[in-house]
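Summary of the model geometry
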Amino acid sequence: MTERDTSRTLVHPEAAEIRLEGVLHALSDPVRLSIVLDLAASAEDLACSSFDLPVTKSTTTHHFRVLRESGVVRQAYRGTTKLNALRREELQELFPGLLDSVLAAAAAEAARLTS
């Protein structure tokens, strides 16, 4: 592996290292929750650039790092693109029903606020 390849390796917590308080913190921010909602609605991994977020690029990077370091998403480089995927199965195993409950609550809130 070259030095350049090493710098593009992203650190993710192992499933045993994921903590409920970290996941809840990551999901508590509206921007990060919108990222998770978009990932949950997609059958494909999504590039960071595919999200329409109301924040700067550096703040977007911060939000993705919080999601990755808390164990909510897995990121991987494909060429120069950083792809994102929900760690749905691992979260379901660790915290049964949590992600589905958060997603359902977010949908219900969105419906309530647009009525």
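A few points on the structure. Since the model is a prediction, treat every value here as computed from it, not as a measurement.

Comments concerning the packing of helix α3 (residues 30-41) against helix α6 (residues 98-114)
For the pair α3 and α6, interaxial distance at closest approach is 11 Å and the crossing angle is 105°. The angle between α3 and α6 places the two elements in the roughly perpendicular class. Across the interface between the two elements, Leu33, Val36, Leu37 and Ala40 of α3 pack against Leu99, Val102, Leu103 and Ala106 of α6. Residue classes in the contact of α3 with α6 are distributed as eight nonpolar, no polar and no charged.

Brief notes about helix α2 (residues 20-27)
The set of residues buried in α2 consists of Val23, Ala26 and Leu27. Buried residues of α2, seen end-on, are gathered within an arc of 95° and therefore sit on one face of the element. In the core, the buried residues of α2 are packed alongside α3, α4 (57-70), α5 (88-94) and α6.

Details of the sheet that holds strand β2 (residues 73-78)
Spatially, β1-β3-β2 is the arrangement adopted by the three strands of the open sheet, whose pairing is antiparallel. With partners counted over all chains shown, the strands left at the sheet margins are β1 (46-47) and β2, one partner each. Running over the sheet, α4 touches β2 and β3 (81-86) and is turned about 115° from β2.

Focus on α3
The terminal C-alpha atoms of α3 lie 16 Å apart, and with 12 residues this matches the ideal 16 Å at 1.5 Å per residue to within 8%. Among all positions of α3, only Val31, Arg32, Leu33, Ile35, Val36 and Leu39 are buried. Among the structural elements, α2, β1, α4, β2, β3 and α6 are those in contact with the buried residues of α3. The N-terminus of α3 is capped by Asp29, whose side-chain oxygen sits 2.9 Å from the backbone nitrogen of Val31.

Looking at the pattern of salt bridges
As enumerated under the stated definition, the model contains five salt bridges in all. A salt bridge links Glu69 to Arg65, with the nearest nitrogen and oxygen atoms 3.5 Å apart. Remark: Arg65 and Glu69 occur in helix α4; sequence separation between them is four residues, near one turn of the helix. Sharing partners across several salt bridges, the network here consists of Arg74, Arg87 and Glu90.

Structural notes on the packing of α2 against α4
Put simply, α2 and α4 touch, their axes get as near as 9 Å, and they point 155° apart. The angle between the axes of α2 and α4 places the two elements in the roughly antiparallel class. Regarding α2 and α4, the two cross each other, and that crossing is left-handed. On α4, the residues that touch Gly22, Val23, His25 and Ala26 of α2 are Val66, Leu67 and Ser70. Its residues placed into classes, the contact of α2 with α4 shows four nonpolar, three polar and no charged.

A word on the nonpolar core
One finds Val23, Ile35, Val36 and Val72 to be the most contacted residues of the largest nonpolar core, which totals 25 residues. Excluding residues that lie within four positions of it along the chain, Val23 makes contacts with Ile18, Ser70, Val72, Leu91, Phe95 and Leu98.

Thresholds applied
- Residues numbered from 1 in each chain as written.
- Predicted model: local features only at pLDDT ≥ 70, side-chain atom pairs only at ≥ 80, totals over all residues.
- Heavy atoms only, no water.
- Axes fitted to C-alpha atoms, helices over the stretch in contact; angles between N-to-C directions.
- Helix = DSSP H or I, 4+ residues; strand = E, 2+ residues; numbered from the N terminus.
- Parallel < 35°, antiparallel > 145°, perpendicular 65-115°, else oblique.
- Contact = heavy atoms within 4.5 Å.
- Nonpolar A, V, L, I, M, F, W, Y, C, P; charged D, E, K, R; others polar.
- Buried < 20%, exposed > 50% of the residue type's maximum accessible area, 1.4 Å probe, protein only.
- Arc of directions from axis to C-beta.
- Pairing = 2+ DSSP bridges.
- Expected span 1.5 Å × (residues − 1).
- Polar contact = N/O pair within 3.5 Å; in protein donor to acceptor, adjacent residues only side chain to side chain.
- Salt bridge = Lys/Arg side-chain N within 4 Å of Asp/Glu carboxyl O.
- Left-handed = near helix turned anticlockwise from the far one by under 90°.
- Core = buried A, V, L, I, M, F, W, Y, C linked by side-chain atoms within 4.5 Å.

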